[in-house]
Amino acid sequence: MNRNPSMQFTSNSEPNPSRRAVLTGAAALGCAHLTGAANAANLMHTSTGKPAAALGGASQDDNQPWFKISLAEWSLHRALGEKKLENLDFPRVAAEYGIYGVEYVNSFFKDRAGDFGYLRELDARCKDAGVQSVLIMVDGEGSLADEDDSNRRQAIENHFRWISAAAFLGCHCIRVNAHGGDTAERRAERAADSLRRLAQMGEHFGIDVVVENHGGLSSDGGWLSGVMKRANHPRVGTLPDFGNFNLGDGKSYDRYQGVTELMPFAKAVSAKSHDFDASGAEIHTDYLKMMGIVKAAGYRGFVGVEYEGGTHSEHDGIVLTKRLLEKVRAELA
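Owing to the predicted nature of the structure, the values given are computational and were not obtained by experimental measurement.

*Asks:* Can you tell me about the pairing of strand β4 (residues 173-176), naming the residues and giving the values?
*Replies:* Residue alternation in β4 divides its side chains into two sets, C173 and R175 and I174 and V176, and both sets are buried. Here three bridges tie strand β3 (residues 132-137) to β4, and the two strands are oriented parallel to one another. In the sheet register, I136 faces β4, and the bridge partner there is I174. For the crossover that starts at β3, traverses helix α5 (residues 149-169) and ends in the parallel β4, the hand is right-handed. Handedness of the crossover joining β4 and strand β5 (residues 208-212) through helix α6 (residues 184-202) is recorded here as right-handed.

*Asks:* Report on the packing of α6 against helix α7 (residues 221-231), specifying residues and quantitative values.
*Replies:* Two numbers describe how α6 lies on α7: the axes approach to 8 Å, and their chain directions differ by 50 degrees. One way to sum up the angle between α6 and α7 is to call them oblique. When you trace α6 past α7, the crossing you get is right-handed. Contacts between α6 and α7 involve A184, E185, R187, A188, E189, A191, A192, L195 and R196 from the first element and W223, V227, M228, R230 and A231 from the second. The residue makeup of the contact of α6 with α7, split by class, is nine nonpolar, no polar and five charged.

*Asks:* Outline the pattern of salt bridges, supporting the account with residue identities and numerical values.
*Replies:* Summed over all chains, the structure comprises 22 salt bridges. A salt bridge links E331 to K327; the nearest nitrogen and oxygen atoms lie 2.7 Å apart. With a gap of four residues between them, E331 and K327 both fall in helix α10 (residues 314-331), about one helical turn apart. Using a relative accessible area of 43% as the deciding quantity, one classes E331 as partly exposed. Each of D149, R152, D193, R196 and R197 takes part in a single network of salt bridges with overlapping partners.

*Asks:* Before we move on, could you go through α5 and cite the residues and values that matter?
*Replies:* In this model, α5 (21 residues) spans 31 Å end to end at C-alpha, consistent with the 30 Å of a helix rising 1.5 Å per residue. By the criterion of burial, α5 is predominantly enclosed, with 15 of the 21 residues buried. After α5 finishes, the residue G170 shows a positive phi value of roughly 90 degrees.

*Asks:* Which residues make up the pairing of β5, and what values go with them?
*Replies:* β5 sits mainly inside the fold: five of its five residues count as buried. Here β5 shows no split at all, with D208, V210 and E212 on one side and V209 and V211 on the other all buried. As defined by bridge partners, β4 adjoins β5 across four bridges and the pair is classed as parallel. If you follow V176 over to β5, its bridge partner there is V211. Bridging between β5 and strand β6 (residues 236-239) involves four bridges; their strand directions are parallel. Looking at the pairing, V210 lines up with G237 of β6. One crossover worth recording links β5 to the parallel β6 by way of α7, and it is right-handed.

The rules we used
- Residues numbered from 1 in each chain as written.
- Predicted model: local features only at pLDDT ≥ 70, side-chain atom pairs only at ≥ 80, totals over all residues.
- Heavy atoms only, no water.
- Buried < 20%, exposed > 50% of the residue type's maximum accessible area, 1.4 Å probe, protein only.
- Helix = DSSP H or I, 4+ residues; strand = E, 2+ residues; numbered from the N terminus.
- Pairing = 2+ DSSP bridges.
- Right-handed = clockwise from strand over helix to strand, strands pointing away.
- Axes fitted to C-alpha atoms, helices over the stretch in contact; angles between N-to-C directions.
- Parallel < 35°, antiparallel > 145°, perpendicular 65-115°, else oblique.
- Left-handed = near helix turned anticlockwise from the far one by under 90°.
- Contact = heavy atoms within 4.5 Å.
- Nonpolar A, V, L, I, M, F, W, Y, C, P; charged D, E, K, R; others polar.
- Salt bridge = Lys/Arg side-chain N within 4 Å of Asp/Glu carboxyl O.
- Expected span 1.5 Å × (residues − 1).

Spatial relationships are all this shows, so hold off on functional conclusions.
As structure tokens, this is what we get:
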């Protein structure tokens, strides 16, 4: 890949790309088709006419519920993996559950990030279903805290195309991971640097970059909140997941403490669920307690249904999680 010189990665420099450099770099990444209403400087969502950055944010209407419910595509990973559904079906399926915000997983359209014909069709499906694109969860694009600078540089560049794809669809953010090796301190430094670089690209597209607690050191709420402070960029934030607190080696982090530590930086929230009792309560997470933490932090955006269990069908898991969120939302209103 021919890299824009202004976006060259060095371990001791901070890029400050001009608008021209960003647009040139985006074009090199296959973004040249972002024209007209979808231009990089002031990207407007084609179905709403609102800036991408305004989508998925807090509602200022007192008549609206204090959070909206979205559907994480991973809730349907078995159906998608078995080809019973395609990614293009996702907006319609979400609407059938009465959910009008969608959170994509890039692995279900991995080769389509720069295919703007495909993205235009996906956006049209959203409009037809009355569904809003919220975010893209990005996996498999390299480690943003990799100890090898060349690998980390490539990982950063690999994420650029998902920033442009998210902007084209009208999402407000992409979710990334803070995986890598070496000591916790050096990994935090590298993760924060990578996040700033992605955020500097994202700010030209109206896209935030959020990190999920997603296993290993990233599931340590204290460590990840420290990465946020070190990154110190308004477009860098977290996506607290209620269930992803596995530190490895049989150890886990307290989920309530972790979410409490991550919520001050939250730009999205994942209501992970696995198993339910006969009353409809999730047996691993006290949703009333957890959503109380979310509300106390002042969060008013989307909360994503992400059913990952095996006891219930994907359909039943989604219904049970949505129903539980609605119940807790009413109790905490």
